[in-house]
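Report on the structure
In case you want the letters, here they are:
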Amino acid sequence: MFINWALQEINLKIVYYGPGMSGKTTNLEYIHSKLDQSLTGELVTLKTKEDRTIFFDFMQIEVGRIKGKKPKFNLYTVPGQVYYASSRKIILNGVDGVVFVADSQKDRMEGNIETLLDLENNLMTMGYSLETFPWVIQYNKRDLPNTESLDILQKKLNFFNVPHFEAVAIKGTGVFDTLKSIINGVVQHVQAQL
Amino acid sequence: MVQVKKLKDGSRQIILTAKQFDEITKVLSELAAKTKASTILMADISGQLITQRGNTDDINTAILSALAASDFAATAEMAKLIGEDAKFKLLFHEGEKRNVYLSNVGDNFFLVVVFDVSVTLGLVRIYTKKAIQNLLSVFDSTEKGDDAGKILDQDFSSMLGDMLDESFK
Ligand SMILES: Nc1nc2c(ncn2[C@@H]2O[C@H](COP(=O)(O)OP(=O)(O)OP(=O)(O)O)[C@@H](O)[C@H]2O)c(=O)[nH]1
Ligand SMILES: [Mg+2]
């Protein structure tokens, strides 16, 4: 978080984390396509020819002034593919809140768990922990036929009982609810810390 | 001191007072004048833009800061991989029309200087180095700002919620 008293600006950094192909970039693309042009900047995507994120996606959202203050949300996605581990660590630098985008498909459970542990490891090197850090889970790709039940997903992934959302990011289902929840979580967290 | 607060859970908060901001802006204006740099940014290492000088109308500087921070961080990782003890202190990208010079300012911030290829790098380096010293002394000044708690109160949360609902229709 960065606060500039001269401009009355509050900058918050929110990172979409999750295994490869879970739909992180799709979340940002949807938000970008739906929000009024005056509220969002460009969406920058650093990707390979195959549309896989190679470093990160970035987009800034502003919602106008609140009590004279101007909150700005900097949204990032990380590359989910296993071998971009160090890029994920870099993007997490200075993070205020995380959206974990899980892939609901049965054969992706392993990938979800692995990436969640990777997240916990990276947070720990920065002195945070999933137990106290603001984060939410989005169970994405609920439209596909071979998905795990919500119950099992919850048992295996949501061990700290954080807010969770079912989503179909390509259609936008659950995307704004997820974003609103993490923004809320981050703001509440800042209040609780003081 | 620019407040870089570690909260209970280890998360980091950077707070800049109005006075510090003014002084930082002054240093950057001076640097822009001396180097004829077309654009100068100061950002924190997580990629959040702090202030900018020069021509910033046709450049999305929020994106430039995010990219520059990652560039910096990626290079630091590279340094580690090849066995460098310290981070690389500066980065230089040479273009056809413009060059970009990046340099860290203490542990938490960095500068991005975009300048015309006709300006010599040596000159930019000398003045940037001086500017960094000035910035570091601004950071060391003892004035304290208010807490984030004063801004992000209960009222703020609920108003923010309403505004998000409004925007996400
Ligand atoms: N069926 C279905 N497909 C989805 C959904 N969300 C995303 N996809 C598709 O899944 C693929 C991967 O989505 P991305 O958003 O690029 O995934 P990512 O998490 O950014 O992947 P990396 O950048 O490699 O980490 C794309 O082809 C998307 O169209 C969804 O809810 N349902
Ligand atoms: Mg992606």
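Residues numbered from 1 in each chain as written. Chains lettered and ligands numbered in written order. Predicted model: local features only at pLDDT ≥ 70, side-chain atom pairs only at ≥ 80, totals over all residues. Heavy atoms only, no water.

Considering the overall build of chain B
- Counting secondary structure elements, chain B contains 5 helices and 7 strands.
- Reading chain B from its N end, one meets helices and strands in the order β-β-α-β-β-α-β-β-β-α-α-α.
- Within chain B, buried positions represent 49% of all 169 residues.
- Here the contacts in chain B between residues at least 6 apart in sequence split such that 50% fall between residues at least 24 apart.
- Accessible surface, chain B as shown: approximately 8,400 Å² in total, 53% of it carbon and sulfur. (Helix = DSSP H or I, 4+ residues; strand = E, 2+ residues; numbered from the N terminus. Buried < 20%, exposed > 50% of the residue type's maximum accessible area, 1.4 Å probe, protein only. Contact = heavy atoms within 4.5 Å. Areas by Shrake-Rupley, 256 points an atom, 1.4 Å probe, with all protein chains shown as cover.)

Considerations on the coordination of the magnesium ion (ligand 2)
Residue and element names in this part refer to chain A.
- Protein-derived coordination of the magnesium ion (ligand 2) comes from Thr25 (OG1) and Thr53 (OG1), at a distance range of 2.0 Å. Of the two residues, Thr25 is situated in helix α1 (residues 24-34) and Thr53 in strand β4 (residues 53-62); the sequence distance between them amounts to 28 residues.
- Looking at Thr25, the relative accessible area reads 18%, which means it is buried.
- For Thr53, a relative accessible area of 10% puts it in the buried group. (Donors = N, O, S within 2.8 Å, 3.2 Å for Na, K, Ca; no water.)

Notes on the layout of surface pockets
All names here are of chain A.
- Empty space within the second largest pocket amounts to approximately 420 Å³.
- What lines the second largest pocket is a set of 22 residues, and nearest its centre among them are Met21, Gly23, Thr25, Thr26 and Asp51.
- At 4 residues, α1 tops the list of elements feeding residues into the lining of the second largest pocket.
- Along the lines of polarity and charge, the residues of the lining of the second largest pocket split into 5 nonpolar, 9 polar and 8 charged. (1 Å grid on protein atoms, 1.4 Å probe; cavity = no way out; pocket = protein on both sides within 12 Å on 5 of 7 lines; lining within 4 Å. Points joined across faces, edges and corners; volume = space filled by probe spheres on them. Nonpolar A, V, L, I, M, F, W, Y, C, P; charged D, E, K, R; others polar.)

Notes on the pattern of salt bridges
Residue and element names in this part refer to chain A.
- A complete count under the given rule lists 10 salt bridges over all chains for this structure.
- A salt bridge links Arg88 to Asp118; its shortest N-O distance comes to 2.8 Å. Placement of Arg88 in helix α2 (residues 85-92) and of Asp118 in helix α3 (residues 109-125) is noted, with a sequence separation of 30 residues between them.
- Looking at Asp118, the relative accessible area reads 17%, which means it is buried.
- For the salt bridge of Arg142 with Glu166, the shortest nitrogen-to-oxygen distance reads 2.9 Å. With Arg142 in the loop between β7 (135-140) and α4 (150-157) and Glu166 in strand β8 (residues 164-166), this residue pair connects regions lying 24 residues apart in the sequence. (Salt bridge = Lys/Arg side-chain N within 4 Å of Asp/Glu carboxyl O.)

What to know about the interface of chain A and chain B
- Across the contact, 53 residues belong to chain A and 51 residues belong to chain B.
- The interface formed by chain A and chain B includes 2 salt bridges.
- A salt bridge links Lys67 of chain A to Asp155 of chain B; the shortest N-O distance between them is 3.6 Å.
- Across the contact surface, chain A and chain B share 6 residue pairs in polar contact (both at pLDDT 80 or more). (Polar contact = N/O pair within 3.5 Å; in protein donor to acceptor, adjacent residues only side chain to side chain.)

Re helix α1 (residues 18-35) of chain B
All names here are of chain B.
- With 18 residues, α1 should reach 26 Å at 1.5 Å per residue; the first-to-last C-alpha distance of 26 Å fits that figure.
- Where α1 is concerned, the buried positions are Gln20, Phe21, Ile24, Thr25, Val27, Leu28, Leu31, Ala32 and Thr35. Buried residues of α1, seen end-on, are gathered within an arc of 160° and therefore sit on one face of the element. Among the exposed residues of α1, those pointing more than 90 degrees away from its buried face are Asp22, Lys26 and Ala33.
- In the stretch just after α1, Lys36 is the one whose phi turns positive, near 55°. (Expected span 1.5 Å × (residues − 1). Arc of directions from axis to C-beta.)

Section: the side chain of Glu120 of chain A
Residue and element names in this part refer to chain A.
- When you line up the elements, Glu120 lands in helix α3.
- No salt bridge is formed by the buried Glu120; its nearest oppositely charged neighbour, Arg88, is found at 14 Å.
- Within the local environment of Glu120, its side chain forms a polar contact with the backbone nitrogen of Leu130, the two atoms lying 2.9 Å apart.
- Apart from the residues within four sequence positions on either side, Glu120 is in contact with Ser129 and Leu130. (Lys, Arg positive; Asp, Glu negative; His and termini not counted.)

What to know about the packing of α3 of chain A against α4 of chain A
All names here are of chain A.
- Packing of α3 against α4 leaves a shortest axis separation of 11 Å and a crossing angle of 30°. On the basis of their axis angle, the class for α3 and α4 is roughly parallel. Crossing handedness for the pair α3 and α4: right-handed. Counted together, Met109, Asn112, Ile113 and Leu116 of α3 and Ile152, Leu153, Lys156 and Leu157 of α4 form the full contact between these two elements. (Axes fitted to C-alpha atoms, helices over the stretch in contact; angles between N-to-C directions. Parallel < 35°, antiparallel > 145°, perpendicular 65-115°, else oblique. Left-handed = near helix turned anticlockwise from the far one by under 90°.)

Just distances and angles here, no functional claims.
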